[in-house]
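Inside the fold
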Amino acid sequence: MDRPVRVRFAPSPTGPLHIGGARTALFNWLFARHHGGVFILRIEDTDRTRYVPGSVELITEGLRWLGLDWDEGPEVGGDYGPYVQSERVGLYREWADWLVAHDKAYRCYCSPERLKELRKRGVQGYDRHCRYLSPEERAEHDARGDSYVIRFKMPLEGQTTVHDLIRGDITVENSTLTDLVLLKSDGFPTYHLANVVDDHFMEISHILRADEWIPSAPVHWQLYRAFGWEMPAIAHLPVILNPNGKGKLSKRKAGFTHDGRKVPVLLHEFREAGYLPAAVVNFLTNIGWSFGEDREVFSVEETIQRFDLSRVNPSGGVFPLNKLDWLNGIYIRETPPDELARLLREPLERAGYTVDDDLLRRITPLIQTRIHRLNDVVEMAGFFFRDQVTPGVEDLIQKRMDADSTKAALEAARETLLGLPDFEPETLESALRALTDTLGLKARQLFGVLRVAITGQRVAPPLFETMAIVGRDKCLERIEAAIRLLA
RNA sequence: GCCCCAUUCGUCUAGCGGCCUAGGACGUGGCCCUCUCAAGGCCAAAACAGGGGUUCGAGUCCCCUAUGGGGCACCA
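Residues numbered from 1 in each chain as written. Chains lettered and ligands numbered in written order. Predicted model: local features only at pLDDT ≥ 70, side-chain atom pairs only at ≥ 80, totals over all residues. Heavy atoms only, no water.

**Observations concerning the overall build of chain A**
Filter applied, for reference: Labels follow the DSSP assignment, with helices taken as runs of H or I lasting at least four residues and strands as runs of E lasting at least two, numbered in each case from the N terminus. In this setup the radius of gyration rests on C-alpha atoms only. A globule is expected at 2.2 Å times the number of residues raised to 0.38. Contacts are assigned to residue pairs that have any heavy atoms within 4.5 Å of one another. Values of accessible area rely on a 1.4 Å probe in the Shrake-Rupley scheme; residue burial ignores everything except the protein chains shown. In summary, the charge assignment counts Lys and Arg as positive and Asp and Glu as negative, without counting His or the chain termini. In this description, the location of a charge corresponds to atom NZ of lysine, CZ of arginine, CG of aspartate or CD of glutamate.
Secondary structure summary: chain A contains 20 helices and 11 strands in total. Compactness check: chain A gives a C-alpha radius of gyration of 32 Å against a globular reference of 23 Å for 487 residues, more than 25% above the reference. Considering only C-alpha atoms, chain A reaches an extent of 105 × 45 × 35 Å along its principal axes. For chain A, the proportion of contacts with a sequence separation of at least 24, taken over those separated by at least 6, is 72%. By element, 50% of the accessible surface of chain A is carried by carbon and sulfur atoms, the whole surface being about 23200 Å². Treating the 62 positive side-chain charges of chain A as one cloud and the 71 negative ones as another, the clouds have centres 5 Å apart.

**Details of the pattern of salt bridges**
Rules: By convention in these notes, a salt bridge is any Lys or Arg side-chain nitrogen within 4 Å of a carboxyl oxygen on Asp or Glu. Partly exposed describes any residue whose relative accessible area lies between the buried limit of under 20% and the exposed limit of over 50%, with all areas from a 1.4 Å probe on protein chains only and scaled to the type maximum.
All chains considered together, the criterion is met by 38 salt bridges. For Lys 248, the salt bridge goes to Glu 212, with nearest N and O atoms at 3.4 Å. One end of the pair, Lys 248, is in the loop between β10 (240-241) and α8 (267-272); the other, Glu 212, is in the loop between β8 (206-210) and α7 (216-227), and 36 residues separate them in sequence. Salt-bridge contacts for Glu 293 lead to Arg 306; the nearest nitrogen and oxygen are separated by 2.6 Å. With a gap of 13 residues between them, Glu 293 in the loop between α9 (277-285) and α10 (300-306) and Arg 306 in helix α10 connect regions that are remote in the sequence. Its relative accessible area of 28% is what places Arg 306 among the partly exposed residues. Within this structure, Arg 8, Arg 42, Glu 44, Arg 88, Asp 198 and Asp 199 form a network of salt bridges that share partners.

**What to know about the sheet that holds strand β4 (residues 149-152)**
What counts, and what does not: Being paired, for any two strands, means DSSP has found at least two bridges between them. Helix axes are fitted to C-alpha atoms over the stretch in contact, other axes to C-alpha atoms as well, and angles between N-to-C directions run from 0 to 180 degrees.
Within the open sheet, the three strands sit side by side as β3-β4-β7. Their pairing is antiparallel. Single-partner strands in this sheet number two, and they are β3 (105-108) and β7 (181-183). Shown here is a sheet whose adjacent strand axes are inclined to one another by a mean of 45°, direction ignored. For β4 and β7, the ladder comprises two bridges, and the chain directions are antiparallel. Directly across from Ile 150, in β7, lies its bridge partner Leu 183.

**Some words on the side chain of Asp 179**
Spelled out, the test is: In protein, a polar contact means a hydrogen-donor-capable atom and an acceptor-capable atom, both N or O and within 3.5 Å, with residues adjacent in sequence counting only if both atoms are side-chain atoms; elsewhere, any N or O pair within 3.5 Å suffices.
For Asp 179, the location among the structural elements is in the loop between β6 (168-173) and β7. Judged by its relative accessible area of 0%, Asp 179 falls in the buried class. Within polar-contact distance, the side chain of Asp 179 engages the side chain of Arg 131 at 3.1 Å.

**Thoughts on the pairing of strand β5 (residues 159-164)**
Side-chain alternation along β5 places Thr 160, Val 162 and Asp 164 on a buried face and Gln 159, Thr 161 and His 163 on a face that remains uncovered. Count of turn residues in the β5/β6 antiparallel hairpin: three residues.

**Quick word on the packing of helix α16 (residues 403-418) against helix α17 (residues 425-439)**
A packed helix pair is summarised by two numbers, namely the angle formed by the two axes and the spacing between the axes. Counted only if it meets this: Any angle from 65 to 115 degrees is called roughly perpendicular, while one under 35 is roughly parallel, one over 145 is roughly antiparallel, and all others are oblique. Crossings are sorted by hand: turned counterclockwise from the far helix by less than a right angle, the near helix makes the crossing left-handed, and turned clockwise it makes it right-handed. Throughout this entry, Asp, Glu, Lys and Arg are counted as charged residues, while Ala, Val, Leu, Ile, Met, Phe, Trp, Tyr, Cys and Pro are counted as nonpolar. The remaining residues, Gly among them, count as polar.
With their axes 10 Å apart at the nearest point, α16 and α17 run at an angle of 140° to one another. Judged on the interaxial angle alone, α17 and α16 are oblique. Judged by the sense of rotation from one axis to the other, the crossing of α16 with α17 is right-handed. In this structure, α16 contributes Ala 409, Ala 412, Ala 413, Thr 416 and Leu 417 to the contact, and α17 contributes Leu 428, Ala 431, Leu 432, Leu 435 and Leu 439. The residue makeup of the contact of α16 with α17, split by class, is nine nonpolar, one polar and no charged.

So this is what it looks like as structure tokens:
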């Protein structure tokens, strides 16, 4: 039956948003937007021991940075609230008790020590000891006020099949399923109970979650059946694996890229590394989903129009970080220069530079095709914001030149620059090109010397535009300094 | 150990029984452009995990093996 589309992203507030979580959120959001449905943010904070204050803010901040807006949830409210599980404990308790009353769950008085002992003996799950307690034994425990958990009475035989929208039927033998805990001894629900109860009462139509949840799908199916509720349609998104080979992507195991950078894993690390949110979104949609038509670059609007589950790939894959660098470069080049200039300010300031807006606006077009991440501006164009540059002698001396010819070239250039009517790029270029002839140097030699003298770098934006921005006085100063260096 | 899921170039992927001489993209290599580096243009190398079936025909369907991943908590 077709229900109105209502999907949710349900993170636990145990820290900042992980890129994998962001991908799950994105796919849910795209699904909702494509179908004109509702996207809900729900906070699953039922484990009080793992709660990290401030996480919710970190998560909502991350979602907003990506441009994912939620229709119901924290900060925006909605008719199905509260959207924070710790504020709904009464509900879970009520339904756990309902299951007990209807003989679909039972109180288990086993101590953590006994459970640990079971595990040591190699018992998987739970041995169902308390499932078979006599009424007298139960009464005894209750009279003593023993603490208990509520466990689900899993069917002992038969099999359970859940239909996954992406991978088809998933079938398990019920005998391999355990009597999972529904309500903990502190009165809080476990994930399984809270998740099922909330999805039902929030009228969730489709569950799109990470693939590590596949094993609990049949368990949830049994819970829905016990309650007599209809289970939402479900789909498991493929895992994202570490780029360096081992296991699923995690902060601890992500490792480093080939060029020695730390692989970003938390969403805010992507922002801090200078990636654009639109590029991250585009990148994420290319993992586990494909646009079709052999296209890799597309807008969110286009994605929303086209997004569906049939194009989601069931197999997990490695996190293709270098593709993000390429994509981000494209998005940087497509950003209007004035806007890019505004974005470039932050990384420069973080690097300790005092940024003049006017100067930055003039520099931006020169580096736009030369950076892949916003942060690259520091290395590429930092010299514009320094009073002095410190070229190395070995960098100054070009191929098939020596200290003397380099010095001579600098002196000749100084005289040429002194006599120019203006300091426009065109003027500079024609004058300096003419100078290469009189000096008998290749363009790359003379320009190379000047580039290093003026920028302090072997790799820099185009020379003449750079010189025009740096200005005649500073250029001459830096040339003098280079000459002194060679003396 | 038990259970579940997956398996196409190094990587992300297209492919839903004949359009496959397996397409695109990143990366890599080469060439062009060029003041360095980019950007851009052109070209190249590069894959159906293995074995059995089913079928006139299999990358596409089924089974087995191998490999990878995930799950087996009073964590989500």
